[in-house]
Amino acid sequence: MPDPKPGTMTRRSFLGTGAAALGAGTVALGSTGCRGRRTAVPYTRRPPETVPGLATHYATTCPAGPRSWAVLVKTREGRPVHVAGNDEHPGLRGAACPQAMAGIQALYGPGRLGSPTLRGGPIPWPEAAGALAEALAPAGAGVLAPAGAGALAPTGAGGRALLLAGATTSPTRLRLLEDLGRALPGLEILAWAPGEGAGAQAGALAAYGAPLRVRPRLDKARCLLCLGADPLDGTDPAASRAFAAARRDPGDMIRLWVVEGPLSLTGANADHRLAVRPSRIAALAFALARRLRGRHGAPLPPGVAPPEGPDPPEPPPALLDVLVDDLWACGPGAAVLAGPAMPPEVHVAAHLLNAMLGSRAVALEPAQALATPGDLAAALEGARAGRYRALVAWGTNPAYASPDPDGWRAAFAAAPASVWVGSEADETASACLLRLPEHHWLEAWGDHRDGDLLTLQQPAVAPLYDTRQGEDLFNEVLRRLGHAAPGDHLARLQARWREEVLPLAGPVPFPRFFQAALHDGVMEAPQAPVRAALRGGAVREAAAAAAAAAASPYDLVLRPSYGVGDGTLASSGWLQELPDPVHKGVWGAPLSMAPADAARAGLAEGDQAWVQAGGGRALFSVHLQPGQAEGTLAADLGHGRKAGPARGVGVSAYPLLGAAGTTSARLSRGRGHQELPATRGRDPLPGEAPARALHRADLPALVREDTHHPTLYPEGASPGPRWGMAIDLTACLGCPTCVVACQSENNVPVVGPAQVARGREMHWIRVDAYGLPGEAVFQPMLCQHCEAAPCETVCPVNATNHSPDGLNQMVYNRCVGVRYCANNCPYKVRRFNFLEYNGGKAEPEILAFNPDVTVRPRGVMEKCTFCVQRIQDARMRVQGEGRGLRDGDVVPACAAACPTEAIVFGDLADPASRVSRLSADRRGYHVLDGLGTRPVITYLARIRNPHPRVAP
């Protein structure tokens, strides 16, 4: 095996990392020797908490800019292999999101920088930290010393320094930034979150004079109105779980109204969806406020005058009256949410409606002040004018994720001192002279605030590379400049928790308290409620702006990609190949537009079109999206990277943001035609849609129709468990969280855009969508583990067969790849390895594989196994405990990650199990039951809750 290039992580170097102590509650790596892939060498020094072959779990937090998720990290022999939700979190209860689970891929990703560099050459960490301090020193100019000097030398030229930092939910990190600002008066700090949009903060500043954030409390909501908001997209598992819980009781179901331009996942789940251009949504919202006051006498907040303006041309006034009556009937249980991509006046209108309704289903909480596109443009202009002696990017990538990426790239390249601090080498890193790699979040310490909860972030693995924690670098800056600072970020964090958090726990010794907090990963720390008065002037100005909104050729909505977000996670193949819940695109995203708009422009599916907005333009492939409001264009942020493993995938929409966050756009026809890879057109089963739905009013008369088909298969019950599954389509919101959970747990390969375009994606579970954009029903489809499985009878080598406990199992080393089973499967859920998809993986990427699951080679058929490895693990665990299996002992990855608990797994032979009770529900049915395959997966028909006064 050839020697790897210096600074890269290999299996040998990983295993030789050593048993580094990481503090209370963290894992240490055992040092092993390895002289070849076929040589097995035992531990020379095994950490006490690590047992070979047994998994260890650690509670930590996954940070993602202005949000964070409490998670549990599964490690094997000190190696993280899977991320799940933290079941101690009262809002998550084990639910996760795809972005957190994909952190495993980023940890072992090939794009990570392994050591600090200056001008592309290596530099020791003491010199690198000194160079950073020198660049930020008040008296230093921070210009580079002559080539080879290896440091940044002050020249006394003066000037200011700019630190562009990523958004954060960490109170301790925010305290560090405050200390930096006080210690360095010449340092300007801007927090930039490119995917958040500027409308929410601008609306809060106008309405309340502070950068407040609206947190939905859907557990208290009985009626939800979303104005361009998408709270059920799966990136907020707590909101999805609360919404699904509010729909479980058919007698008291929450009703969902959605007003939006592009079709969103929340809109697809709506009981009533109104397609309205984004520029007209504010006028509609203020019309609702006038109707609330006129029809029901809803009081206005003190000092607020009635908003004036004409009613919008659509929807019909009668429908607005129904919506207003429904909101008023729910009173404090009604909630109005505005989306981050909406203009500020929409957010002001949402604040007004919530105040008039006295809503208890939304709460205001303090938020970090974020830079707007205008702030970023002003900083770039200052950099061009030579205002800053040093430019520092920490956890953000302005040379890609900004309205003027080329300008920022040039500014960093021309600055006297340019410093990049991050984990994965990106576009900004390539323009900086000093590059300082920081730990991945799975290697770092931190804390985060999640509403009234505090969550802790602890390392689940020792650093894989020669990296440092970003906060430690800036603590070192403070010390080198003569300011008091803790030794490292853990010391800073513990000092703050001892002073501010420990009093909430009572008279407890701090070591014991901190150890318990690390174990649970989450603790209650209620914030004082925010009491802010709505400003009357803001309402008046927003209503006037809504009434005077000028017509534009098109409204452009830019939103983070469902998979890769704002582009930070673009290197994850799991997320790149994750089908968008609505347009089903992978490896890039199209420009979505209404079919009527496309017809007027002479565009067809896959045609290319230029979009001009915000001073920039971009060329997209067109997707015709039924249900999208006419006059509306939609594009995803996060694609079109020019550095890193995902370079060249898709088109970047960031140049269309504009300095003022404009949404006005122009469209012109391009010359090419390129259909992007997508799974649409192949997901739904052929023929009549097998997903069932009914209205809430029809439920009392529902009678289950059970059919029994004659069969030659034995029907006698076998001793022991009989595994099965129930999937509640009322709870399923269509988010593909289960897809990524299955992929991570079962080593499902990524095949790439070319193979997806040929229909060769390998996902063991897919989410079919029926009825878009109207009365949508989402139906997860996986192997049905049929008791009369048609795949088993045609396999010539008995590679697929039935186990005594009811599993349709695959014996991989028997499979000869004839694919008869796939041809005979009516559900089309079996996947064939046409190529050696995992064969080209290099170290350290292969460290992400789950060691409990075989990595399948080329020519082998594979499909869902109900996570049989988890079944076997539970059997061994309960045997050691001297008991039998209980309901809930076995939870497959898809069920564990599902944010709405739509998927329930268990023993059908146990009449008291939850899966048995759900399978006997009168809403239950089996897909393609007429074929006589006798699936063990029961689907529960979706219940819709339309308003009785609106005709279906």
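1. A closer look at the environment of Gly565
So, point 1. Its location among the elements puts Gly565 in the loop between strand S22 (554–560) and helix H19 (573–576).
So, point 2. The sequence separation of Gly565 and Gly195 amounts to 370 residues, and the corresponding C-alpha distance is 7.3 Å.
So, point 3. Every residue in contact with Gly565, bar those within four places of it in the chain, is listed here: Pro560, Leu637 and Gly638.

2. Looking at the pattern of salt bridges
So, point 1. Summed over all chains, the structure comprises 54 salt bridges.
So, point 2. With its nearest N and O atoms 3.8 Å apart, the salt bridge here joins Arg384 to Glu381. Here Arg384 pairs with Glu381, and both are found in helix H12 (residues 373–384), just three residues apart, close to one helical turn.
So, point 3. By sharing partners, the salt bridges in this structure join Arg290, Arg291, Arg295, Asp311, Asp321, Asp325 and Arg949 into a single network.

3. Observations concerning the packing of aromatic side chains
So, point 1. For the structure on display, the rule yields 11 aromatic pairs.
So, point 2. Ring centres 6.1 Å apart and planes at 85 degrees place the aromatic pair Trp497 and Phe514 in the edge-to-face group. Remark: Phe514 occurs in helix H17 (residues 510–520) and Trp497 occurs in helix H16 (residues 489–505); sequence separation between them is 17 residues. Both residues of the pair, Trp497 and Phe514, belong to the buried class.

4. Here we look at the confidence of the model for the protein
So, point 1. Per-residue confidence for the protein gives a mean pLDDT of 89, with 91% of residues at or over 70.
So, point 2. In this model residues 14–39 is a low-confidence stretch, pLDDT under 50, and it forms 76 contacts with partners more than four residues away in sequence or in other chains.

5. Comments concerning helix H4 (residues 125–136)
So, point 1. With 12 residues, H4 extends 17 Å between its outermost C-alpha atoms, agreeing within 8% with the 16 Å of an ideal straight helix rising 1.5 Å per residue.
So, point 2. Of all the 12 residues making up H4, nine are buried; the element is thus mostly covered by neighbouring parts of the structure.
So, point 3. Listed as buried for H4 are Trp125, Ala128, Ala129, Gly130, Ala131, Leu132, Ala133, Ala135 and Leu136.

Rules used in this analysis
- Residues numbered from 1 in each chain as written.
- Predicted model: local features only at pLDDT ≥ 70, side-chain atom pairs only at ≥ 80, totals over all residues.
- Heavy atoms only, no water.
- Helix = DSSP H or I, 4+ residues; strand = E, 2+ residues; numbered from the N terminus.
- Contact = heavy atoms within 4.5 Å.
- Salt bridge = Lys/Arg side-chain N within 4 Å of Asp/Glu carboxyl O.
- Phe/Tyr/Trp six-rings, centres within 6.5 Å; stacked < 30°, edge-to-face > 60°.
- Buried < 20%, exposed > 50% of the residue type's maximum accessible area, 1.4 Å probe, protein only.
- pLDDT = per-residue confidence, 0-100.
- Expected span 1.5 Å × (residues − 1).

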